[in-house]
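Inside the fold
Here's the letter readout for the chains.
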Amino acid sequence: MSEAASGEHQWLGLCNGGNDLVFTIGDVPCRFSNDDPSNPSKDAVLTPNRYQLDFMEFAVPGEPVRFCFIIDRGYNGAAEPRVEFLGFTGTNEVACRWVSDTVRVLRLEGTQPLAPSVPVAKPQVGPKRRDSDEGDGAAEAVQ
C-alpha cells in the first residue's frame, strides 16, 4: 500500500486499501493471498472482487481475466516462501502461472531508530455513584 501511495511506480495503483486489498499493475486489478496454490481455498483467490468484475466484462474465452499473487509457505508453513502468480479465466480455470524462486527476506542488523513518542494526556477517572431516580440501579460516571 505504501509503494502504491508513494507514486514512485507509475504502473502500480491501489483500487481498494481495505481488508480485501486490490491493487493494479497497469490497469489490471490483482489480489494476493497466503494460500495453497495447488488447492486454493481462500476468497481472495477463488472469488472475484467487485474491482475485478469490471475488468472481467472484457473476457476473451480461454484468456486470463482475474489475477492473484499467492504467497506459498509450503506444508504447515515450514518451507521457504515463494510466490505464484495465477491468472484465471472467466470460468475460474488457471490460464497462466508464474512461480518465483525462493523469496529472500531482507533483515537489517543493528539498532533501528524508534518512532518518536506521542504525549498522551492522563485520563480523567472518577468514582461511580448510584442514581437514586433509577429503579434498576444504573450507575453513571462522575466527572
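For the structure itself, look to the data block above.
Here goes a summary of the coordinates provided. Since this is a predicted model, take the numbers as computed values, not measurements.

Scoring rules and cut-offs
- Residues numbered from 1 in each chain as written.
- Predicted model: local features only at pLDDT ≥ 70, side-chain atom pairs only at ≥ 80, totals over all residues.
- Heavy atoms only, no water.
- Core = buried A, V, L, I, M, F, W, Y, C linked by side-chain atoms within 4.5 Å.
- Buried < 20%, exposed > 50% of the residue type's maximum accessible area, 1.4 Å probe, protein only.
- Helix = DSSP H or I, 4+ residues; strand = E, 2+ residues; numbered from the N terminus.
- Pairing = 2+ DSSP bridges.
- Polar contact = N/O pair within 3.5 Å; in protein donor to acceptor, adjacent residues only side chain to side chain.
- Contact = heavy atoms within 4.5 Å.
- Axes fitted to C-alpha atoms, helices over the stretch in contact; angles between N-to-C directions.

In this section: the nonpolar core. The biggest cluster of nonpolar side chains holds nine residues, and these are Ala-4, Leu-12, Leu-21, Phe-23, Cys-30, Phe-67, Phe-69, Val-83 and Phe-85. At the level of secondary structure, the elements contributing two or more residues to this core comprise strand 4 (66-72) and strand 5 (82-88). Membership of the second largest hydrophobic core comes to five residues, among which are Val-45, Cys-68, Ile-70 and Leu-86.

Where strand 1 (residues 12-16) and strand 2 (residues 22-25) come together, four bridges link them in antiparallel fashion. Bridge pairing in strand 2 links Gly-13 to Thr-24. As consecutive antiparallel partners, strand 1 and strand 2 are separated by five residues. Pairing of strand 2 with strand 3 (residues 28-34), which is carried by three bridges, proceeds in the antiparallel orientation. Along strand 3, the bridge assignment pairs Phe-23 with Cys-30. The turn linking strand 2 back onto strand 3 is made up of two residues, and Gly-26 within it adopts a positive phi angle of 70°.

Before going further, it helps to spend a moment on the side chain of Arg-66. Relative to the helices and strands, Arg-66 resides in strand 4. Here the side chain of Arg-66 touches Val-45 through a polar contact of 2.4 Å, landing on its backbone oxygen. Contacts of Arg-66, omitting those with residues within four sequence positions, involve Val-45, Leu-46, Thr-47, Pro-48, Gln-52, Met-56, Leu-86, Gly-87, Phe-88 and Asn-92.

Taking strand neighbours across the sheet as the criterion, the six strands line up as 1-2-3-4-5-6 in an open arrangement whose pairing is mixed. Every interior strand has two partners, whereas the edge strands, strand 1 and strand 6 (94-99), have only one. The mean angle between the axes of side-by-side strands here comes to 30°, regardless of whether they run parallel or antiparallel.

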